[in-house]
Amino acid sequence: MNTPSNIPNHSPLVSPEPPPTTVSATRPFYWSVRRELWENRSIYIVPLAVAAIMLLGFLIASIGRAMSLTDPAQRVAVLSEPNDFAALLIMGTTFVVSIFYCLDALHGERRDRSILFWKSLPISDLTTVLSKASIPLVVLPLLTFAIIVATQLIMLLLGSAVLRGSGLSVTTHMSFFQMSGDLLYHLVTVHALWYAPIYCWLLLVSGWARRATFLWAGLPLFAIAIIERIVFGTSHFVALLGYRISGPEAYNVTVQSGDRMYSMATLGLGEFLITPGLWIGLALAAIFLAAAVRLRRYREPI
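These remarks concern the structure in this document. Since this is a predicted model, take the numbers as computed values, not measurements.

**A look at helix 8 (residues 196–208)**
Since the α-helix advances by 3.6 residues per turn, residues separated by three or four positions end up pointing in the same direction. End to end, helix 8 covers 18 Å across 13 residues, agreeing with the expected 18 Å (1.5 Å per residue, within 8%). Judged by how many residues are buried, helix 8 sits mostly within the fold: eleven of 13 residues are covered. Burial in helix 8 covers these residues: A196, P197, I198, Y199, C200, L202, L203, L204, V205, S206 and G207.

Here it is, written out as structure tokens:
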């Protein structure tokens, strides 16, 4: 018996193969970053806790002190003072969080032997190391910016509510949006780009050291400084480290009578981009990251 030609001749026991699924190249990196946020909740809990303490102190100390003053101008000054201090305190906190995170980023997975599981997944060592480096270089600066802006905005609203009865409002040297823009510029240029070799060096030590990562991160630098001092009688390496930690802006701040003692943005973008220390630091950061990737490829659990 002949079968009609228009009926497909498929076996009922054989199903057609599903089309191959394509995975985006950025998807493993995205989930690797999310994994870091899940496993290291101190990344955002610690800055939020510091911001909450600052707001509590502002409510108790600054507003209480302002209410005890009779001069409206002094009230405005008292309520405006904690804004810059809150920004500096939160930025200092996130800098410390970044240091401890980098020291434990690669060492922790070797210590708890979870590196065996993560290496069994189809995620390259480069993706893993870059996702860990993105925490201090991208995630924490943006998170710091959001927390500082929210904290200062709450302070501004509370201060305005206190001064509403006097017919005054909290004023600053610059508008709130301009201050936020300078803050974002400072976080991107200094905490992300300028501090990049520091974070990448700590990641490299985290992938190499078997224990005492904090000691191994500082011991080579201390040894170089001591040898230079004994052999040459100079301290250029210490000055170089101080310049890297303090940032290029510290050498360009001009203090005048009646002006603020600190400015978030003292170097223009053009001046910052032509700073030799920036590109030397980025080159060192790239070398440290490449070495960290290679170390993770061959390092075994502790």
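**Looking at a nonpolar patch on the surface**
Judged by side-chain polarity, W208, L215, W216, L219, F222, I226, I227, I230, V231 and F232 come together as a nonpolar surface patch covering roughly 1,100 Å² of accessible area. Considering each element in turn, the nonpolar patch owes the most residues, nine residues, to helix 9 (residues 213–232). With respect to the helices, strands and loops of the structure, V231 is situated in helix 9.

**Focus: the nonpolar core**
Among the nonpolar cores identified, the biggest contains 35 residues, and Y195 and L202 are the most heavily contacted of them. Every element with two or more residues in this core is listed here: helix 4 (82–111), helix 6 (125–163), helix 7 (176–194), helix 8 and helix 12 (276–298). With near-sequence residues (within four places) excluded, Y195 lies in contact with F95, V190, R244, I245 and S246. Within the second largest apolar cluster, ten residues are counted, among which are V50, A51, A87 and I148.

**Notes on the environment of L184**
In this structure, L184 sits in helix 7. Judged by its relative accessible area of 32%, L184 falls in the partly exposed class. A sequence separation of 35 residues divides L184 from V149, and the C-alpha atoms of the two residues are 9.7 Å apart. If we skip the residues at most four places from it in the chain, L184 touches L142 and F145.

What counts and how
Residues numbered from 1 in each chain as written. Predicted model: local features only at pLDDT ≥ 70, side-chain atom pairs only at ≥ 80, totals over all residues. Heavy atoms only, no water. Helix = DSSP H or I, 4+ residues; strand = E, 2+ residues; numbered from the N terminus. Expected span 1.5 Å × (residues − 1). Buried < 20%, exposed > 50% of the residue type's maximum accessible area, 1.4 Å probe, protein only. Patch = residues over 30% accessible without salt bridge, like charges linked within 9 Å, V, L, I, M, F, W, Y side chains within 5 Å. Areas by Shrake-Rupley, 256 points an atom, 1.4 Å probe, with all protein chains shown as cover. Salt bridge = Lys/Arg side-chain N within 4 Å of Asp/Glu carboxyl O. Core = buried A, V, L, I, M, F, W, Y, C linked by side-chain atoms within 4.5 Å. Contact = heavy atoms within 4.5 Å.

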